[in-house]
Amino acid sequence: MPSRSQLSAILGLLFSGMLSLTVAAQAPTEAEAETEDDEAEDLRDRLTEREDENRLEDPWSIEVRGRPLIISGEYEVTLDFLDELVLGDEDEDYDSLLIEQQLETELFYSLGRQLSIFAQFRLATEHDLHHSNPQRVADGFVERGEMWLYSEDIAGSGLSFEIGRLDFEDDRLWWWDEDLDALRMTYEKAVFELALAVAYELAPRRTDANYIEPEDHKVLRYFGEASWDWAPDHEVQLFGLISRDRSYTPTIDQVVHPDRADESDADLDWFGLRASGAWQAQALGLIGYWLDYAEVSGDELLAVYEEESLTESVVEELTQHRVRGWAVDAGMTWILPLRAEPRFSVGYAIGSGDRNLDDDIDRSFHQTGLHGNETAFGGVERFDHYGVLLDPELSNLTILTLGAGLSLFNSSSLDLVYNRYRMRTPAETLRDARIEIELTGENRSLGDALDLVFALEENPRFQFEATLSAFRPGAAFGPGYDQCLWGGLVAMRIAF
């Protein structure tokens, strides 16, 4: 595997070579410039469109060598409340009231379909207002977002090429939702599309950390994604991911900073498929469906750390095992042809668990670690559809989801979503969740959750989102945990 310095040099050479084309470009005539302005805006809209981004149709721009440099951005402020951050441990229950602010700036410049350039930066602050939290957050940083060079339909071949910090996201964010340093080649022809990519983190993403996050450090990833529109509004997709971790292997009694503790070194392969689409009839309305299936296999080394202080963690245990897991997520949404477009959704997700802890095979499903698990169920704003409070990884779980929603005004929505969680095998922990959890390991019933999500997007410059969430612990937490866990989120976004 090439070293990080070698990959940096390769990316730098390619980046410099493509930038030289920009410098050498001839300024267009006035008529050509007007046409190219329209083409640049169309390319920007298409290449940078993201579900979670609010971009104006007519942003500010300046002329650079006769072509528009499009400058846009967004200010976002979020207030996020959560009580009892450690659920299942009475000695460590505390609340969090986090205020987050983010100023995002984007630059887009295009020479046409042969070359487009995009750069995104975020200035962010995080501050926990709740004094009872012993791990209060108070931080400010600059984060690098997407930064890429893109060439589309090279020489009419249907091939497109991207290099830089690229956005990886699938329609349901079930596989991936992440920005990564990468190269990607895409072939698109009629109803078929194939994308292949290689990703390797070259630098820290935030200025408040001078290191690459442990889960990404020296991890080489190969992506494959193919889609076929076999009928109008119906699609089949194939997904593949090969991940190879070449970071250092910890040793027993090794002392590291808690932020640098790498709990998993894994060489894992994922493969799966998705069928999705929609039927529409005047009498019945619209019925959308999805079916995801995935398998994971490989080898994993787990490290258990004991935190000795705020600056030191000690490796206490190392465990090597094979991984063999699978998962299914299926469901449908029905939008009725009535005023306010009432809609109803049902989903069922299963992630395999490990029934035998004594052998060297972990049969619990592992998601890619790049996943987002967000959808909108027909609303205007995506949210964590496995539950906003618990937001678990689909591993050793069955999740029943029921949703109901309404469309409000022209571009707003209100959704009520219920989730019921059961472990496939009783366990003392979950692989990953938004809140820390300690379980008895004696019962499968994890609990129930209810989310109320309101999104207001009537003005192209302004978005407002409010979420109220509740989680009722199940018998898996043991006696004494019958009170609901509450949380909420209020977010405002202003585009410019």
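Since we're looking at a predicted model, the values are computed, not measured.

Let us now look at the overall build of the chain. Within the chain one finds two helices and 25 strands. Residue pairs in contact within the chain that sit at least 24 positions apart in sequence constitute 63% of those at least 6 positions apart. For the chain, the accessible area works out to roughly 24300 Å², and carbon and sulfur atoms hold 55% of it.

A few words now on the side chain of glutamate 381. Position of glutamate 381 relative to the elements: it lies in the loop between β18 (374-375) and β19 (383-384). Overall, the relative accessible area of 10% leaves glutamate 381 in the buried class.

Relative to the assigned elements, aspartate 262 resides in the loop between β12 (255-256) and β13 (264-281). Within the buried set, aspartate 262 has no salt-bridge partner at all; the shortest N-O distance to an opposite charge, 9.1 Å, is to arginine 260. With residues near it in sequence (within four places) discarded, aspartate 262 still touches Pro214, Asp245, Ser247, Ala303 and Tyr305.

Moving on, we come to the nonpolar core. Membership of the largest hydrophobic core comes to 50 residues, with the highest contact counts inside it found for Phe168, Trp176, Phe223, Leu394, Leu446 and Phe471. With residues up to four places along the chain from it excluded, the contact list for phenylalanine 223 reads Phe168, Trp176, Leu180, Ala195, Leu196, Ala197, Ala199, Gly240, Leu241 and Leu370. With nine residues, the next largest nonpolar core counts Leu115, Ile117, Leu149 and Ile163 among its residues.

The subject of this paragraph is the pairing of strand β1 (residues 60-64). Walk down a regular strand and you will see the side chains alternate between the two sheet faces. By the bridge criterion, five bridges tie β1 to strand β2 (residues 67-82) in an arrangement that is antiparallel. Within β2, the position partnered with tryptophan 60 by the bridge is isoleucine 71. Adjacent in sequence and paired antiparallel, β1 and β2 are bridged by two residues, among which arginine 65 carries a positive phi angle near 55°.

Most of the time, phi is negative for any residue but glycine, and the peptide bond is trans. The residue leucine 173 is not glycine, and still its phi comes out positive at about 55°. Within the secondary structure, leucine 173 sits in the loop between β7 (159-169) and β8 (177-189).

Okay, the confidence of the model for the chain next. Summarising the model, the chain shows a mean pLDDT of 89, and 89% of its residues fall at 70 or more. In this model residues 6-28 is a low-confidence stretch, pLDDT under 50, and it forms 38 contacts with partners more than four residues away in sequence or in other chains.

Turning our attention to a nonpolar patch on the surface. A surface patch of nonpolar side chains, amounting to about 910 Å² of accessible area, comprises Ile154, Leu159, Met185, Tyr187, Val191, Phe192, Leu194, Leu196, Trp228, Trp230 and Val236. Contributions of two or more residues to the nonpolar patch are made by β8, β9 (192-200) and β10 (219-231). Among the elements that line the nonpolar patch, the one with the most residues is β9, at three residues. Along the chain, the position of phenylalanine 192 falls in strand β9. Among the residues examined, phenylalanine 192 registers a relative accessible area of 35% and is labelled partly exposed.

Looking now at the environment of leucine 196. Secondary-structure assignment places leucine 196 in strand β9. When the C-alpha positions of leucine 196 and glycine 240 are compared, they lie 9.5 Å apart, and in sequence the two are 44 residues distant. The contacts of leucine 196, once residues within four sequence positions are left out, are Leu183, Arg184, Met185, Phe223 and Gly224.

Pairing geometry for β13 and strand β14 (residues 285-307), over 18 bridges, is antiparallel. Residue aspartate 269 lies in a different strand from β14, and its bridge partner there is serine 297. The hairpin turn running from β13 into β14, its antiparallel successor, is three residues long. One ladder, built from 22 bridges, connects β14 with strand β15 (residues 313-335); its direction is antiparallel. When the bridges of β15 are listed, leucine 286 appears paired with isoleucine 335. Turn length for the β14-β15 hairpin, with the two strands adjacent in sequence and antiparallel, is five residues.

Calculation criteria
- Residues numbered from 1 in each chain as written.
- Predicted model: local features only at pLDDT ≥ 70, side-chain atom pairs only at ≥ 80, totals over all residues.
- Heavy atoms only, no water.
- Helix = DSSP H or I, 4+ residues; strand = E, 2+ residues; numbered from the N terminus.
- Contact = heavy atoms within 4.5 Å.
- Areas by Shrake-Rupley, 256 points an atom, 1.4 Å probe, with all protein chains shown as cover.
- Buried < 20%, exposed > 50% of the residue type's maximum accessible area, 1.4 Å probe, protein only.
- Lys, Arg positive; Asp, Glu negative; His and termini not counted.
- Salt bridge = Lys/Arg side-chain N within 4 Å of Asp/Glu carboxyl O.
- Core = buried A, V, L, I, M, F, W, Y, C linked by side-chain atoms within 4.5 Å.
- Pairing = 2+ DSSP bridges.
- pLDDT = per-residue confidence, 0-100.
- Patch = residues over 30% accessible without salt bridge, like charges linked within 9 Å, V, L, I, M, F, W, Y side chains within 5 Å.

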